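As a plain string of letters, each chain reads:
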Amino acid sequence: MKYLHIVWHGIVKVLTWLLVLPILFYQKCITPYTPPSCRFQPTCSEYARQAIRKHGPFKGLALAIWRILRCNPWGGSGYDPVP
């Protein structure tokens, strides 16, 4: 049983990094060359990175997708931290 816990924890860590690495690439290599346009603080990419690191790959990804869906002209704006 303990072995399964160790394996599951390893899988979660790998999935977390597989989701965070493209976000870091975007933040370091693409964002500096585009004008700021995010309606929220923190930005959507930073929110996604924080959510995935804090809540894991499954819930974090769901929170990130929900945030991106709210980022539209009819959505809100302002300070919106990761729960």
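All of these numbers come straight from a predicted model, not from anything done at the bench.

### Section: the overall build of the protein
When you go through the protein residue by residue, the secondary structure sums to 2 helices and 2 strands. In the protein, the order of α-helices and β-strands from amino to carboxyl end is α-β-α-β. The C-alpha radius of gyration computed for the protein amounts to 15 Å, which surpasses the reference 12 Å derived for 83 residues by more than 25%, pointing to a less compact arrangement than a globule. Here the protein holds 83 residues, and 27% of them are scored as buried. A separation threshold of at least 6 residues defines the contact pool for the protein, and within that pool the share at least 24 residues apart is 69%. Total accessible area computed for the protein in this model is approximately 6,200 Å², and 71% of it derives from carbon and sulfur atoms.

### A closer look at the UniProt feature "transmembrane region" (unreviewed entry) in the protein
Within this numbering scheme, the UniProt entry marks residues 6–26 as carrying the feature "transmembrane region" (unreviewed entry). With 100% helix and 0% strand, the stretch residues 6–26 has end C-alpha atoms that lie 31 Å from each other.

### A look at the environment of H55
With respect to the element layout, H55 can be found in helix α2 (residues 44–70). Looking at H55, the relative accessible area reads 26%, which means it is partly exposed. Distance from H55 to G78, taken between C-alpha atoms, is 22 Å for residues 23 residues apart in sequence. Residue contacts for H55: discarding those within four places in its chain leaves G60, L63, V82 and P83. Among the polar contacts listed, one links the side chain of H55 to the backbone oxygen of P83, at a separation of 2.7 Å.

### Describing the environment of Y3
Mapped onto the fold, Y3 is located in helix α1 (residues 2–30). C-alpha of Y3 to C-alpha of K54: the two residues are 51 residues apart in sequence and 24 Å apart in space.

### Focus on the packing of aromatic side chains
Scanning the model with the defined rule gives 1 aromatic pair in all. Residues W8 and F58 carry aromatic rings whose centres are separated by 6.2 Å and whose planes lie at 10 degrees to one another, so their mutual orientation is stacked. With W8 in helix α1 and F58 in helix α2, this residue pair connects regions lying 50 residues apart in the sequence. For F58, a relative accessible area of 53% corresponds to the exposed category. A cation sits over an aromatic face here: R70 above F40, 5.7 Å from the ring centre.

Cut-off values and rules
- Residues numbered from 1 in each chain as written.
- Predicted model: local features only at pLDDT ≥ 70, side-chain atom pairs only at ≥ 80, totals over all residues.
- Heavy atoms only, no water.
- Helix = DSSP H or I, 4+ residues; strand = E, 2+ residues; numbered from the N terminus.
- Rg over C-alpha atoms; globule rule 2.2 N^0.38 Å.
- Buried < 20%, exposed > 50% of the residue type's maximum accessible area, 1.4 Å probe, protein only.
- Contact = heavy atoms within 4.5 Å.
- Areas by Shrake-Rupley, 256 points an atom, 1.4 Å probe, with all protein chains shown as cover.
- UniProt positions renumbered as here; feature names shortened; annotations may be inferred.
- Polar contact = N/O pair within 3.5 Å; in protein donor to acceptor, adjacent residues only side chain to side chain.
- Phe/Tyr/Trp six-rings, centres within 6.5 Å; stacked < 30°, edge-to-face > 60°.
- Lys NZ or Arg CZ within 6 Å of the ring centre and 35° of its normal.

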